[in-house]
Amino acid sequence: MADLTPTPYRPGLHVSKPSPNTPATGTAVCHCGATATATGDSQVRALVEGYTANHGSAHGRTGR
């Protein structure tokens, strides 16, 4: 399987939860330079909500 971890050259959001009994993990990298990681279901949920609302496609490649 390919490495899906976001990088500054390949920004995005990656969430993993291998099984129902393990905590979720998340990594986010935006083209504006912002980065974040989270561990635990509620923290990953907050990471996804924050990234979706404030980064990624929420602000265009020209917005910083």
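As shown above, the structure is provided for reference.
What you see is a predicted model; the values in this text were computed from it and never measured. (Residues numbered from 1 in each chain as written. Predicted model: local features only at pLDDT ≥ 70, side-chain atom pairs only at ≥ 80, totals over all residues. Heavy atoms only, no water.)

### A look at the pairing of strand β3 (residues 35-39)
Then comes step 1: As judged from the five bridges shared by strand β2 (residues 25-29) and β3, these two strands associate in the antiparallel manner. Counterpart to Val 29 in the pairing with β3 is Thr 35.
Then comes step 2: The antiparallel pairing of β2 with β3 creates a hairpin that spans five residues between the two strands, and Gly 33 there sits at a positive phi of about 110°. (Pairing = 2+ DSSP bridges. Helix = DSSP H or I, 4+ residues; strand = E, 2+ residues; numbered from the N terminus.)

### So, the sheet that holds β3
Then comes step 1: Spatially, β1-β2-β3 is the arrangement adopted by the three strands of the open sheet, whose pairing is antiparallel. Edge positions in the sheet fall to β1 (12-16) and β3, since each has one partner strand and no second. The sheet shows a mean angle of 5° between the axes of neighbouring strands, taken without regard to direction.
Then comes step 2: Direction of pairing for β1 relative to β2: antiparallel, over a ladder of five bridges. By the bridge assignment for β2, His 14 is matched with Thr 27.
Then comes step 3: In this fold helix α1 (residues 41-54) packs onto β1, β2 and β3, with an angle of close to 20° to the strand it touches most, β2. (Axes fitted to C-alpha atoms, helices over the stretch in contact; angles between N-to-C directions. Contact = heavy atoms within 4.5 Å.)

### Some remarks on α1
Then comes step 1: Taking 1.5 Å of rise per residue, the 14 residues of α1 would be expected to cover 20 Å, and the 20 Å separating its terminal C-alpha atoms lies within 8% of that figure.
Then comes step 2: Taken as a whole, α1 has its buried residues at Val 44, Leu 47 and Tyr 51. Mapping the buried residues of α1 onto a view down its axis gives an arc of 55°, with all of them on the same face. Every exposed residue of α1 that faces more than 90 degrees away from the buried side is listed here: Arg 45, Glu 49, Thr 52 and Ala 53.
Then comes step 3: Residues of α1 that are buried make contact with β1, β2 and β3.
Then comes step 4: Of the residues one or two after α1, Gly 56 is the one with positive phi, at around 60°. (Expected span 1.5 Å × (residues − 1). Buried < 20%, exposed > 50% of the residue type's maximum accessible area, 1.4 Å probe, protein only. Arc of directions from axis to C-beta.)

### Quick look at the nonpolar core
Then comes step 1: One finds Ala 24, Ala 28, Cys 30, Ala 38, Val 44, Leu 47 and Tyr 51 forming the largest nonpolar core, which totals seven residues.
Then comes step 2: When residues in this core are grouped by element, the largest group, three residues, is from α1.
Then comes step 3: Once you skip the residues sitting within four places of it in the chain, Tyr 51 turns out to touch Gly 12, Leu 13, Ala 28, Val 29, Cys 30 and Gly 56. (Core = buried A, V, L, I, M, F, W, Y, C linked by side-chain atoms within 4.5 Å.)

Any link to function would need more than the numbers given here.
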